[in-house]
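Remarks on the overall topology
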Amino acid sequence: MKIMVQKYGGTSVAGLERMRKVLSRVKKGIDEGYKMIVVLSAMSGETNKLIGLAKEFTATPDPEEMDALVANGENVSIALFSMLAKSEGIKAKSLQAWQIPISTTDAYMKARIISIDDKRLKVMLEENDVLVVAGFQGVDCKGRVTTLGRGGSDTTGVALAAAIKADVCEIYTDVDGVFTTDPRVCSAARKLDLISYDEMLELASSGSKVLQIRSVEFAKKFNVPVRVRSTFTDDPGTLVTQEDAMMEDLVISGIAFDRDQCRVTVYKVKDKPGVAAAIFGSIAEKRILVDMIIQNTSHDGYTDMTFTVSKGDLEQTMAILDGVQKDIGAESVQYDTNVAKVSVVGVGMRNHSGVASTMFKALHDENINIKLIATSEIKITCLIDEKYVELAVRALHTAFGLDKGQQAAC
Ligand code: ADP
Ligand code: ASP
Ligand code: MG
């Protein structure tokens, strides 16, 4: 049995005409002899609408009930699409996550997939041409509906492809593939034909929402080549795959940015063993992800700790720090929400010097102040004022030779 998994994002399923377009792609797969698994997102704007509705009822919605609510956007898409397919004589079946099941942890609103029953899926595939699966959802050990975090339908798609050992895994979206940066922010952005799992992981974790980070983790772990393409054009898109030697020729393959960041600084804590563990241990207990972490050099036995969290986690982070502030003897805790991360990513960075200095110079030339710096083997990230983020992205894009028609820096 040849199996193709296709995931379609919110704009691709927004309304009857767009669903017809999706159906014609699915039919093509069937005509080529594939059994199809089609993962759908909620129609664009629907998940936000549901979140907005919850916020009208309470400022702090219960996470378990939030998942029971927001998972419904995808339920609507799969039922409508299956109706459409059946009306054209295609053997289709809609499946919510619990009907497969896709089992997850009980971390509501950011659940992680634990297992997928691939045997049941195969049986259902044998009986149907297309299984239309709700993206973004799971079910926990208590039978409660969970969701995988914003953009989670990508992860459903890749995880299904990995579980069922699909022959093809395609992610359909509203741009032609993965670009050197968000094409909506930088018109000079170029589409990449290929990108390595590690680069895509760094871009996704730095804010490029074209793929959810967990989907790339699955792709890398189970070696699933993923093609990112547009629902609306015939461009072959971008293949996310294992690194090859050619990829190292490019120093920088992409630039990412993330406005969903806050800087938190814990001032004047004792510079002694156990302080960082106390701060970050209590934050981790609440499953909050901490990103950049910087500890200042010690002065008179005291130091400051600065880190970033996403905006949605700020309130809870501040409450936790309020609790531990006395125990660690901190003078005060302050935060700044007007910040953004900008990152340059590329495997070629490993063998090239001067990437950091090129980045700092480009930001300096635009008079943009750097608040924090963090590096990994293939990424450099700067925290800057949020209002300069688009300017920074365009300046870095040019500085690293990524603009259309420019010679890329090798
Ligand atoms: P979908 O609803 O199909 O999942 P998303 O909105 O989640 O689509 O992701 C696609 C969007 O990601 C694009 O419209 C684009 O604005 C944005 N994006 C950010 N960075 C990149 C990048 N490097 N390459 C392509 N798109 C990007
Ligand atoms: N509908 C969900 C969201 O808007 C999941 C997704 O589209 O991938 O985040
Ligand atoms: Mg998405």
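Everything quoted here is computed from the prediction, not taken from an experiment.

1. Topic: the overall build of the protein chain
Along the backbone of the protein chain there are twelve helices and 18 strands. For the protein chain, whose C-alpha radius of gyration is 23 Å, the value lies close to the compact-globule estimate of 22 Å for 410 residues. Counting only C-alpha atoms, the protein chain reaches 75 × 55 × 35 Å along its principal axes. Intrachain contacts of the protein chain at a sequence separation of at least 6 include 74% that bridge at least 24 residues.

2. Re a nonpolar patch on the surface
Among the surface-exposed residues, V76, L80 and M83 lie close enough to one another that they form a single nonpolar patch of about 270 Å² accessible area. You can see V76 is positioned in helix 4 (residues 72–87).

3. Looking at the nonpolar core
Counting residues in hydrophobic clusters, the biggest one holds 44 residues, and the most contacted among them are I37 and V226. At six residues, helix 6 (residues 153–164) tops the list of elements feeding residues into this core. Once residues lying within four places of it in the same chain are set aside, the contact partners of V226 are V158, C169, I171, A219, T238, L239 and V240. Counting residues in hydrophobic clusters, the runner-up holds 23 residues, among them V251, M359, L363 and I384.

4. What about the site of ligand 1?
Ligand 1 sits among 17 residues. The nearest are T173, D174, F179, D182 and R184. Contact between ligand 1 and D174: an oxygen atom at 2.8 Å from a side-chain N or O atom of the residue. Note that an oxygen atom of ligand 1 is positioned 2.8 Å from one of the side-chain N or O atoms of R184. Burial of ligand 1 by the surrounding chains reaches 89%, relative to a free accessible area of 580 Å². Looking at the shell around ligand 1 residue by residue, the class counts come to six nonpolar, six polar and five charged.

5. Let's talk about the pattern of salt bridges
What the rule picks out here adds up to 28 salt bridges. A salt bridge links R259 to E390; the shortest N-O distance between them is 2.6 Å. Highlighted residues: R259 in strand 13 (residues 254–270) and E390 in helix 12 (residues 389–399), separated in sequence by 131 residues. Residue classification places R259 among the partly exposed positions, given a relative accessible area of 32%.

6. Observations concerning the sheet that holds strand 9 (residues 168–173)
Pairing within the open sheet is mixed, and its eight strands lie in the order 3-6-2-1-9-11-12-10. Either end of the sheet is taken by a strand with one partner, and the two such strands are strand 3 (92–95) and strand 10 (194–196). Within this sheet the neighbouring strands show an average axis-to-axis angle of 20°, counted without direction. Where strand 11 (residues 226–230) lies against strand 12 (residues 238–241), three bridges are found, and the strand directions are antiparallel. Bridge pairing links R227 to L239 in strand 12.

7. Description of the side chain of K7
Turning to its location among the elements, K7 is positioned in strand 1 (residues 3–8). A relative accessible area of 7% means that K7 is categorised as buried. At 2.7 Å, the side chain of K7 and the side chain of D154 are in polar contact. With sequence-adjacent residues up to four places away left out, K7 is seen in contact with V39, S41, S153, D154, E170, I171 and Y172.

8. Topic: the environment of L50
Turning to its location among the elements, L50 is positioned in helix 2 (residues 46–57). With relative accessibility at 16%, the residue L50 sits in the buried group. Once you skip the residues sitting within four places of it in the chain, L50 turns out to touch L69, V70, N72 and G73.

9. As for the site of ligand 2
Neighbouring residues of ligand 2: S41, A42, T47, E74, F136, R150, G151, G152 and S153. Between ligand 2 and R150 there is a distance of 2.7 Å, counted from an oxygen atom to a side-chain nitrogen or oxygen. Backbone polar atom of G151 to an oxygen atom of ligand 2: 2.9 Å apart, as the coordinates give it. Burial of ligand 2 by the protein amounts to 86% of the accessible area it has alone, namely 270 Å². Broken down by class, the residue content of the shell around ligand 2 amounts to two nonpolar, five polar and two charged.

10. Details of the sheet that holds strand 13
Sheet architecture is open: six strands sit in the order 14-15-13-16-18-17, paired in antiparallel fashion. The open sheet terminates on both sides in strands that have one partner only, identified here as strand 14 (293–295) and strand 17 (372–376). Shown here is a sheet whose adjacent strand axes are inclined to one another by a mean of 25°, direction ignored. By the bridge criterion, three bridges tie strand 14 to strand 15 (residues 302–309) in an arrangement that is antiparallel. Counterpart to I294 in the pairing with strand 15 is T306. Of the strands in this sheet, strand 16 (332–345), strand 17 and strand 18 (379–385) are in contact with helix 11 (residues 355–365), which crosses strand 18 at around 20°. Sheet contacts for helix 12: strand 13, strand 16 and strand 18; angle to strand 13, the most-contacted strand, approximately 120°.

11. Concerning the packing of aromatic side chains
Applying the stated criterion across every chain, the model contains three aromatic pairs. Considering the side-chain rings of F218 and F222, the 5.9 Å spacing of their centres and the 20° angle between planes classify their relative orientation as stacked. For K2, the ring lying beneath its charged end belongs to Y34, and the centroid distance is 4.2 Å.

12. A closer look at the pairing of strand 12
Each regular strand shows side chains that alternate between the opposite faces of the sheet. Residues T238 and V240 of strand 12 are buried on one face, and the alternating residues L239 and T241, pointing to the opposite face, are buried as well. Pairing of strand 10 with strand 12, which is carried by three bridges, proceeds in the parallel orientation. The residue of strand 12 that forms the bridge with L194 is L239.

Rules used throughout
Residues numbered from 1 in each chain as written. Chains lettered and ligands numbered in written order. Predicted model: local features only at pLDDT ≥ 70, side-chain atom pairs only at ≥ 80, totals over all residues. Heavy atoms only, no water. Helix = DSSP H or I, 4+ residues; strand = E, 2+ residues; numbered from the N terminus. Rg over C-alpha atoms; globule rule 2.2 N^0.38 Å. Contact = heavy atoms within 4.5 Å. Patch = residues over 30% accessible without salt bridge, like charges linked within 9 Å, V, L, I, M, F, W, Y side chains within 5 Å. Areas by Shrake-Rupley, 256 points an atom, 1.4 Å probe, with all protein chains shown as cover. Salt bridge = Lys/Arg side-chain N within 4 Å of Asp/Glu carboxyl O. Core = buried A, V, L, I, M, F, W, Y, C linked by side-chain atoms within 4.5 Å. Buried < 20%, exposed > 50% of the residue type's maximum accessible area, 1.4 Å probe, protein only. Near = heavy atom within 4 Å. Polar contact = N/O pair within 3.5 Å; in protein donor to acceptor, adjacent residues only side chain to side chain. Nonpolar A, V, L, I, M, F, W, Y, C, P; charged D, E, K, R; others polar. Pairing = 2+ DSSP bridges. Axes fitted to C-alpha atoms, helices over the stretch in contact; angles between N-to-C directions. Phe/Tyr/Trp six-rings, centres within 6.5 Å; stacked < 30°, edge-to-face > 60°. Lys NZ or Arg CZ within 6 Å of the ring centre and 35° of its normal.

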